[in-house]
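Coordinate analysis (summary)
Okay, here's what each chain looks like letter by letter:
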Amino acid sequence: MPTPLPAPYFVAASAKAAALVELDPALLQQPDFIALFTGNAVPHDAKPLSAVYSGHQFGVWAGQLGDGRAILLGEVATAAGPMELQLKGAGLTPYSRMGDGRAVLRSSIREFLCSEAMAALGIPTTRALMITGSDQGVMRETVETSAVATRMAPSFVRFGSFEHWFYRDKPDELRILADYVINAFYPQLMQETNPYKALLAEVTRRTARMIAHWQAVGFMHGVMNTDNMSILGLTLDYGPFGFMEAFDSQHICNHTDQQGRYSYANQPQIGHWNCFALGQALLPLIGDVEDAQEALGVYEPEFASKIDELLHAKLGLQQFKDEDRALFEAMFALMHDNHVDFTQFFRKLGQLQVAQPERDAPVRDLFIDRAAFDAWAASYRARLLQEQRSDSERRLAMDLVNPKYVLRNYLAQVAIEKAQNRDFTEVARLLEVLEHPFDEQVEHEAYAALPPDWASHLEVSCSS
Ligand code: AMP
Ligand code: MG
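Per-chain numbering applies: the sequence of each chain, read as written, is numbered from 1 onward. Labels are handed out in written order, letters beginning with A for the chains and numbers beginning with 1 for the ligands. The predicted origin of the model limits local features to residues at a pLDDT of at least 70 and limits the giving and counting of side-chain atom pairs to 80 or more, whereas totals for whole chains, interfaces and linings rest on all residues. To obtain the side-chain values, all non-hydrogen atoms of the structure were used and water was disregarded.

Considerations on the domain arrangement of the protein chain
What counts is decided by this rule: Annotation comment: domain bounds sourced from an automatic or database domain assignment. Note on definitions: a residue-residue contact is assigned when non-hydrogen atoms from the two residues lie within 4.5 Å. Summed over both partners, the accessible area (1.4 Å probe) lost when two parts come together is defined as the buried area. For salt bridges, the criterion is a side-chain nitrogen of Lys or Arg within 4 Å of an Asp or Glu carboxyl oxygen. Within 3.5 Å is the distance limit for a polar contact, defined as a pair of N or O atoms, with the added protein rule that one can donate a hydrogen and the other accept it, and that residues adjacent in sequence qualify only through two side-chain atoms. Put simply, DSSP marks the helices as runs of H or I at least four residues long and the strands as runs of E at least two long, and each gets a number from the N terminus on.
Along its sequence, the protein chain is organised into domain 1 (9–153), domain 2 (159–309) and domain 3 (317–388). Between domain 2 and domain 3, the C-alpha centre-to-centre distance is 32 Å. Taken residue by residue, the interface counts 13 residues in domain 2 and 10 residues in domain 3. Each partner contributes to the roughly 930 Å² buried at the junction of domain 2 and domain 3, and carbon and sulfur atoms together form 58% of this total. Per-residue buried area on domain 2 facing domain 3 is highest for Glu-245, Phe-247 and Asp-308; these three make up 55% of the total on that side. Between the two partners, domain 2 and domain 3, sit zero salt bridges. Our count for the domain 2 to domain 3 interface comes out at three residue pairs in polar contact (both at pLDDT 80 or more). The element that contributes the greatest number of residues to the side of domain 2 that touches domain 3 is helix H6 (residues 195–217), accounting for three residues.

Re empty space enclosed by the protein
If you roll a probe as big as a water molecule over the atoms, it shows you where there is empty space left. As a reminder, the rule being used: In the cavity and pocket records, a cavity denotes points on a 1 Å grid over the protein atoms alone where a 1.4 Å probe fits but cannot get out, a pocket denotes an open set with protein on both sides within 12 Å along at least 5 of 7 lines, and lining residues are residues with an atom within 4 Å of a point. Grid points are joined across faces, edges and corners, and a volume is the space filled by probe spheres set on the points. Three classes are used: nonpolar for Ala, Val, Leu, Ile, Met, Phe, Trp, Tyr, Cys and Pro, charged for Asp, Glu, Lys and Arg, and polar for all others, with Gly counted as polar.
Tallied over the full model, the rule gives one cavity of 30 Å³ or more. Within this model, the largest cavity holds a volume of roughly 50 Å³. Ala-216, Val-217, Lys-314, Phe-342, Thr-343, Phe-346, Arg-347, Asn-402, Pro-403 and Val-406 together form the lining of the largest cavity. Looking at the lining of the largest cavity, the elements with two or more residues in it are H6 and helix H11 (342–349). Among the elements that make up the lining of the largest cavity, the one with the highest residue count is H11 (four residues). Of the residues that constitute the lining of the largest cavity, the class distribution is six nonpolar, two polar and two charged.

Here we look at the coordination of the magnesium ion (ligand 2)
The condition is simple: Because water is not among the atoms used, a metal site may look incomplete, as its donors are only the N, O and S atoms within 2.8 Å, or 3.2 Å for Na, K and Ca. When a residue's accessible area, from a 1.4 Å probe over protein chains only, is under 20% of the maximum for its type it is buried; when over 50% it is exposed; and in between it is partly exposed.
Coordination of the magnesium ion (ligand 2) by the protein is provided by Asn-228 (OD1) and Asp-237 (OD), with metal-donor distances spanning 2.0 to 2.2 Å. Of the residues examined, Asp-237 reaches a relative accessible area of 11% and is grouped as buried.

Section: the environment of Glu-432
Summarising the element assignment, Glu-432 is placed in helix H16 (residues 425–434). On the basis of relative accessibility, which here comes to 43%, the residue Glu-432 falls in the partly exposed class.

Here's the deal with the packing of aromatic side chains
For clarity, the threshold we go by: Here a pair means two rings of Phe, Tyr or Trp (six-membered ring of Trp) with centres within 6.5 Å. Their orientation is stacked below 30 degrees between planes, edge-to-face above 60, and tilted elsewhere.
Across all of its chains, the model carries 23 aromatic pairs by this definition. On the numbers, 5.9 Å between centres and 20° between planes, the contact of Tyr-9 with Phe-424 is stacked. A residue pair is termed long-range when its members are at least 10 positions apart, and Tyr-9 in strand S1 (residues 9–13) and Phe-424 in the loop between helix H15 (409–420) and H16 qualify at 415 residues. Exposure remark for Phe-424: the relative accessible area of 16% places this residue in the buried category. A centroid spacing of 5.4 Å and a plane angle of 65° characterise the contact between Phe-219 and Phe-243, whose relative ring orientation is edge-to-face.

Structural notes on the state of the cysteines
Joining two cysteines, a disulfide is a covalent bond between their sulfur atoms. Applicable threshold: Cysteine sulfur atoms that come within 2.5 Å of each other are treated as a disulfide pair.
Under the criterion given, the structure shown has zero disulfides. Left unpaired, Cys-275 is separated from the closest cysteine sulfur, that of Cys-253, by 19 Å. Given a relative accessible area of 0%, Cys-275 falls into the buried group.

Brief notes about the packing of helix H9 (residues 299–314) against helix H10 (residues 324–338)
Quick reminder of the rule: A fitted line through C-alpha atoms serves as each axis, taken over the contacting stretch for helices, and the angle formed by two N-to-C directions is quoted from 0 to 180°. Any angle from 65 to 115 degrees is called roughly perpendicular, while one under 35 is roughly parallel, one over 145 is roughly antiparallel, and all others are oblique.
The geometry of H9 relative to H10 is characterised by a closest axis approach of 11 Å and an angle of 70° between their N-to-C directions. Taken together, the axes of H9 and H10 lie roughly perpendicular to each other. Of the residues in H10, those in contact with Asp-308, Leu-311 and His-312 of H9 are Asp-324, Phe-328 and Phe-332. Of the residues in the contact of H9 with H10, the class split is three nonpolar, one polar and two charged.

Comments concerning the nonpolar core
Applicable threshold: As used in this record, nonpolar core signifies buried Ala, Val, Leu, Ile, Met, Phe, Trp, Tyr and Cys residues forming a set joined through side-chain atoms within 4.5 Å.
Core analysis: the biggest nonpolar cluster contains 115 residues, and Phe-162, Leu-315, Phe-345 and Trp-376 have the highest contact counts within it. By size, the runner-up hydrophobic cluster in this structure holds 22 residues, among which are Ile-34, Leu-36, Met-130 and Met-152.

Focus on H9
Our working definition: The span one expects for a helix is its residue count, reduced by one, times 1.5 Å.
Taking 1.5 Å of rise per residue, the 16 residues of H9 would be expected to cover 22 Å, and the 22 Å separating its terminal C-alpha atoms lies within 8% of that figure. Of the positions making up H9, those classed as buried are Tyr-299, Glu-302, Phe-303, Lys-306, Ile-307, Leu-310, Leu-311, His-312 and Lys-314. Check the buried side of H9 and you find it contacts H6, helix H7 (267–286), helix H8 (289–296), H10, H11 and helix H14 (391–399). In the stretch just after H9, Gly-316 is the one whose phi turns positive, near 70°.

With respect to H11
Along an α-helix, residues three or four apart share an orientation, since each turn contains 3.6 residues. The buried fraction of H11 amounts to seven of the eight residues, a majority that puts the element mostly inside the structure. Restricting attention to buried positions, one finds in H11 the residues Phe-342, Thr-343, Gln-344, Phe-345, Phe-346, Arg-347 and Leu-349. Against the buried residues of H11 lie H6, H9, H10, helix H12 (361–364), helix H13 (370–384) and H14.

What to know about the environment of His-436
Mapped onto the elements, His-436 comes out in the segment after H16. For His-436, a relative accessible area of 32% gives the class partly exposed.

Next up, the structure:
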């Protein structure tokens, strides 16, 4: 059962998430709903539960980790299938270990905004319905106030949920879990000769596609431990994540990750590594090592074809040519050398006019080495000449895939600091901006700006 918090108040809600469970978002501001989604009142027919998991943290087996500080309230039947509602930070559970079962307002706002921003970017993710707060203090590096985030997903089962039963040598529980997941979420796999092998292959495929999306938008998860990997291929557990600003392929967004295991450049191979950990856990069900390896073999081709598709779209290219890979590689090398802002670069590239290099200033001015940009732009132009679209058609298409607005750390920080003073307007405004990341939103131009100097001191680290 959730543990009530004193005098909970409304912080934020996502109307788009509410629509998925057919809830009127206005209701979420009412005391009954605030109580419900703080865990202060539990529906009379609900049987809340917490689900234990284990996992590999930073590549090392870490044993039992917890339950995500999450209490599942139940599921809502929707047109698109059942949706689970869970409270994050609603108090101690049997798996809380040394933790207090609470979440702070700061990290709850980050998770809330990023979940909804990712959904708007078209990236598979868990959703965030709302946040409530309470002035009850929780001890972290300093005393902070508590919050409860209500998350939604068809399932929160993780790779680590399977590893838990595998490492405990509990094959019956492992099978029950796998059968549940297949029945509920991958029913088409029941037809396969080896449904467990097919499950591994399908999860591997989805994971590869999800990470291709991350790379294409410059998203860094920060803690790609196996317990943060969703069995549905959803982006899960938003902690020290970041969106790439000045491009550095080795960028590490998690202050705790000193080795850079989860750097931007490493994410694709870590995704594959995590699928191996899942494969290991499913091996007793799959039966044969070669079958497991074959299932895992889908990762690289799936990732390669998805990232290829996404990069072509980002550059406004409709045809696929052999030489395109070299064009992409040269582009990333140039972005890296010039520390170009990831989001602004792709957005401004859309304004390029094939026959008018003298009008390149918007994108060209992002580079310190203008001559190097001109050289790359010449090869891009040559490539564009082989395409059929006009400049304006290409720009329209590029603007639909290259966001103007992403959740930059400093934007979240501004909203958090206001919220800590009980002003929640900036959280709502930022959500509104991020819900339409591809629109120009002239009135919100400032939200597309480069980070201010003070933001270079911002650091984010693990669980809080
Ligand atoms: P994370 O690094 O955020 O993925 O944390 C790993 C796991 O540790 C979480 O999923 C929780 O189960 C547990 N945990 C972290 N913080 C707390 C807390 N304050 N109270 C209870 N459990 C926690
Ligand atoms: Mg986690």
